[in-house]
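Chain and residue survey
Now for the letters of each chain:
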Amino acid sequence: MSVLVLVLAVSAACCLGFGFVLQQNAAQHAPLGDFLSPRLLLDLMRVPRWLGGIGLMVVGMVLGAVALSEGEISLVEPLLATNLLFALALSRRQTRQPLGRQGWTGLALLAGGVTAFIVAGQPRGGSALTDPFRHWLIIGAMLGLALLLTTYAKRSRLSAAPVLLALAAGVLYGVQDALTRISGQRFSEGGFTELFTTWQPYGVAALGVTGLILVQSAFETAPLRMSLPALTAAQPLAGILCGVGFLGDRLRTDTGALAWEAAGLAAIVGGIVLLGLHPCMPTGTAKPERIRDLQPN
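This section reports on the structure supplied with the text. (Residues numbered from 1 in each chain as written. Predicted model: local features only at pLDDT ≥ 70, side-chain atom pairs only at ≥ 80, totals over all residues. Heavy atoms only, no water.)

Now for the packing of helix α10 (residues 224-246) against helix α11 (residues 255-276). Interhelical geometry of α10 versus α11 gives an angle of 160° and a closest axis separation of 8 Å. Between α10 and α11, the angle is such that the two are roughly antiparallel. Our pair here, α10 against α11, has a crossing hand that is right-handed. When α10 is examined against α11, the residues R225, P229, T232, A233, L237 and I240 are found in contact with a partner set consisting of L265, V269, I272, V273 and G276. Residues of the contact of α10 with α11, tallied by class, amount to eight nonpolar, two polar and one charged. (Axes fitted to C-alpha atoms, helices over the stretch in contact; angles between N-to-C directions. Helix = DSSP H or I, 4+ residues; strand = E, 2+ residues; numbered from the N terminus. Parallel < 35°, antiparallel > 145°, perpendicular 65-115°, else oblique. Left-handed = near helix turned anticlockwise from the far one by under 90°. Contact = heavy atoms within 4.5 Å. Nonpolar A, V, L, I, M, F, W, Y, C, P; charged D, E, K, R; others polar.)

Below, the discussion takes up the packing of aromatic side chains. With the rule as written, the count across this model stands at six aromatic pairs. Between F18 and F86, the ring centres sit 6.2 Å apart and the planes meet at 90°, which makes this aromatic pair edge-to-face. In this pair, F18 sits in helix α1 (residues 3-27) while F86 sits in helix α5 (residues 83-95), placing the two residues 68 residues apart along the sequence. Taking the relative accessible area as the measure of exposure, F18 reaches 28% and is therefore partly exposed. The partly exposed category is assigned to F86, whose relative accessible area is 23%. Their ring planes at 25° and their centres at 4.8 Å tell us that W136 and W199 sit as a pair that is stacked. Residue W136 is located in helix α7 (residues 132-156), and its partner W199 is located in the loop between α8 (161-196) and α9 (200-221); the two are separated by 63 residues in the primary sequence. By relative accessible area, W136 is classed as partly exposed at 46%. (Phe/Tyr/Trp six-rings, centres within 6.5 Å; stacked < 30°, edge-to-face > 60°. Buried < 20%, exposed > 50% of the residue type's maximum accessible area, 1.4 Å probe, protein only.)

Moving on to helix α4 (residues 73-80). With eight of eight residues buried, α4 is to be regarded as a mostly interior element. Taken together, the buried positions of α4 are occupied by I73, S74, L75, V76, E77, P78, L79 and L80.

For the rest of this paragraph, the subject is the layout of surface pockets. Considered as a void within the structure, the largest pocket measures approximately 620 Å³ in volume. As for the largest pocket, its lining consists of 27 residues, of which M61, V62, Q176, T180 and V204 are closest to the centre. Ranked by residues supplied to the lining of the largest pocket, first place goes to helix α3 (residues 48-70) with 10 residues. (1 Å grid on protein atoms, 1.4 Å probe; cavity = no way out; pocket = protein on both sides within 12 Å on 5 of 7 lines; lining within 4 Å. Points joined across faces, edges and corners; volume = space filled by probe spheres on them.)

Further remarks concern α9. Compared with an ideal rise of 1.5 Å per residue, which puts 22 residues at 32 Å, α9 spans 32 Å between its outermost C-alpha atoms and is within 8% of the ideal. Summarising burial for α9: 17 of the 22 residues are buried, a large majority. (Expected span 1.5 Å × (residues − 1).)

Summarising the element assignment, V209 is placed in helix α9. V209 gets classed as partly exposed once you look at its relative accessible area, which sits at 46%. Along the backbone, V209 and I240 are 31 residues apart, and their C-alpha atoms lie at a distance of 22 Å.

Without other data, these values stay purely geometric and don't point to any function.
Structure (structure tokens):
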């Protein structure tokens, strides 16, 4: 593993984790009438704490993009999932809650899962597939899943809505990471001319804005512990699928390696859930009432 990729990915995770906490602190006070509306972003732009969180998120995305340009998406995505550790650290400082057995177990599962997946899978680059059908099939399936999750969340507006919106945003961010890597390759091959004459950078921007609206709507209507685990778990899984599916990333495929890779991914998801549900994560204010206000009469 390149030390540069490791430093870039972990630094990106740190900025993302801190940024998510600051964004949720601000979004929980936003008007409920802005639910799933671009107006939500306009209202939040007036809140300094939210702008600080967005600034950290942008820095994290830039660092992540550089890491993706230097390493395989199947390597970078598990490292980016550690953003929850940094979110937990900031939340713990705010709430003064001890880690306890749940926190230490979640930390061990997340760190151990990332290590197991990378060591067993040994992600390495390969030639990106040129088959446009497979390319669009995977991207279309991801976008369709995100749309389905968002539609169900909007129609039901039940307590599960924040989780569904966070899952949808995580899927979109995973696709965005894949397109970011392609955009970086285009830029390295032909500069800005080559970059902006392809559709991928515009797809990155569209997915980023859409994902941001979904995330802020999830943050607006529920505590961070309900949304951040789903977001953090969905993004690496979607990114790895894109990496292996059409970017040419290769993982070891012998029986033992596949077993450890599956166990590593399961441990990552399990650790994310335990850490995300930890009592030190911000609970917000009057969230049950806000959820009931969103339910249809």
